[in-house]
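So you can see what is in the structure, the chains are spelled out below.
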Amino acid sequence: MIKAIFFDVDGTLLSRNGRVSKSTKKAIASAQKNGVLCGVSTGRGPRSLRRIIKDLNLDMFVTYNGQLVYDDHQVIYSHPFEEAVIDEIVKYANNNSRQLLLGSAKQVEGSLTMRIGESSFVRRVIRFVPKKFPIRTVKLGLQKFSPNRRKERYSKLAILNEPIYQCMMFGAEYENEKLKKALPNCDFQRSNPYTVDLVPKGGSKVQGIKQFLAYKGMAFEEAMAFGDHLNDIEMLKVVGIGVAMGNAQEGTKESADFVTDSHQHQGIEKALRHFKVID
């Protein structure tokens, strides 16, 4: 029996217009009425989530790719970076003129370019950028001509006095191995081909879900998850029922127990009805 459901946000919970559809709102409310806990499992942080799910009465929040888990009453799991690792990341970004964002429980601070990129509008648009987009050229241009480029630009940010749960860096997929070698104390998650989320070693959405389920005395088999991108594959595999959206990447679909319709065509509602979570 399914007792908890975790939804990815972009491309899953949100439609292309950056909003939760009426169908999805109604389906989640029906599941909750049936005693099922519903929440998110996302790379986004708390501040970003407040703006986009204010109309949903969710039960739990697995944020920053599993590094910060909470409900309306308390923080359930907190796994920030060690200070030495943050120093490594900041030093790498400064020395290599990399665009960088740092996320705490209350705010996100860093590159203005990336803060604009984190907006809901840009997140929607970026999914339609063609695969042949010259990302290497754009990256080099940002490194060379950024208006905010200055030495040690990230070293004096006020946010460094707070626990940092995730860093977001401008870096294309072809740089994966280079970044792993340069920052061995981090794990890397992607929700798009152009930026990468850095989390503490061993951190993942699965770890965050595991901590919440343990807190509630539930097993993975009693959980369901919805996702669309490659960083959702692991959680779709470990839960009792993993659902890929119809708009999901092929690798995500192959890893799921069930492929539903897209986020534009009542995919969440249809899957919940299929598995009799709702009537």
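The rules behind each value
Residues numbered from 1 in each chain as written. Predicted model: local features only at pLDDT ≥ 70, side-chain atom pairs only at ≥ 80, totals over all residues. Heavy atoms only, no water. Helix = DSSP H or I, 4+ residues; strand = E, 2+ residues; numbered from the N terminus. Buried < 20%, exposed > 50% of the residue type's maximum accessible area, 1.4 Å probe, protein only. Contact = heavy atoms within 4.5 Å. Areas by Shrake-Rupley, 256 points an atom, 1.4 Å probe, with all protein chains shown as cover. Expected span 1.5 Å × (residues − 1). Arc of directions from axis to C-beta. Pairing = 2+ DSSP bridges. Axes fitted to C-alpha atoms, helices over the stretch in contact; angles between N-to-C directions. Right-handed = clockwise from strand over helix to strand, strands pointing away.

A. Layout of the overall build of the chain. Of regular secondary structure, the chain possesses twelve helices and 13 strands. Across the 279 residues that make up the chain, the buried fraction comes to 52%. If you take every contact in the chain between residues at least 6 apart in sequence, the share linking residues at least 24 apart comes to 60%. A total of about 13,600 Å² of accessible surface is found on the chain, and carbon and sulfur atoms cover 51% of it.

B. Expanded view of helix α2 (residues 22–33). Taking 1.5 Å per residue as the helical rise, α2 with its twelve residues ought to reach 16 Å, and the 16 Å between its terminal C-alpha atoms agrees with that figure. For α2, the set of buried residues is S23, T24, A27, I28 and A31. For α2, the buried positions fall inside an angular range of 125° around the axis, keeping them on one side. Opposite the buried face of α2, by more than 90 degrees, sit the exposed residues K22, K26 and K33. Elements that come into contact with the buried residues of α2 comprise β1 (4–7), α1 (9–13), β2 (37–41) and α12 (267–274). A positive phi of about 90° marks G35, the residue just after α2.

C. The arrangement of unusual backbone geometry in detail. Despite not being glycine, Q266 shows a phi value in the positive range, around 60°. With respect to the secondary-structure elements, Q266 resides in the loop between β13 (258–259) and α12. In the Ramachandran plot, K276 falls in the positive-phi region, its phi being about 60° despite a non-glycine side chain. In this structure, K276 sits in the segment after α12. Judged by relative accessible area, which is 69%, K276 ranks as exposed.

D. Fine view of helix α4 (residues 83–95). The terminal C-alpha atoms of α4 lie 18 Å apart, and with 13 residues this matches the ideal 18 Å at 1.5 Å per residue to within 8%. Tucked inside the fold, the buried residues of α4 contact β6 (100–103), β8 (166–170), α8 (176–182), β9 (186–189) and β10 (195–200). One or two residues past the end of α4 sits S97, with phi positive at roughly 50°.

E. The sheet that holds β9, seen in detail. With antiparallel pairing, five strands are arranged side by side in an open sheet as β7-β6-β8-β10-β9. Of all strands in the sheet, those with a lone pairing partner are β7 (108–110) and β9, marking the two edges. Strand after strand, the sheet turns through a mean of 25° between neighbouring axes, direction not considered. Inspection of the sheet shows β8 paired to β10 by four bridges, in the antiparallel sense. Across the sheet, M168 pairs through a bridge with D197, a residue of β10. The sheet contacts of α4 involve β6, β8, β9 and β10, and relative to β6 the element is tilted by about 160°.

F. Looking closely at the sheet that holds strand β5 (residues 75–78). The strand order β5-β4-β3-β2-β1-β11-β12-β13 describes an open sheet built from eight strands, whose pairing is mixed. This sheet does not close on itself; its edge strands, each paired only once, are β5 and β13. Of the pairings in the sheet, the one linking strand β3 (residues 60–63) to strand β4 (residues 68–70) comprises three bridges and is antiparallel in character. Within β4, the position partnered with F61 by the bridge is Y70.

G. Representation of the pairing of strand β12 (residues 241–244). Residues I241 and V243 line one face of β12 and the alternating positions G242 and A244 line the opposite face, and both faces are buried. Here strand β11 (residues 223–227) runs beside β12; their pairing, made up of four bridges, is parallel. Bridge pairing in β12 places G227 opposite A244. Handedness of the crossover joining β11 and β12 through helix α10 (residues 233–238) is recorded here as right-handed. Two strands pair when backbone bridges link them, and β12 and β13 are joined in this way by two bridges, in the parallel orientation. Paired with A244 across the bridge in β13 is V259. Handedness of the β12-helix α11 (residues 250–255)-β13 crossover: right-handed.

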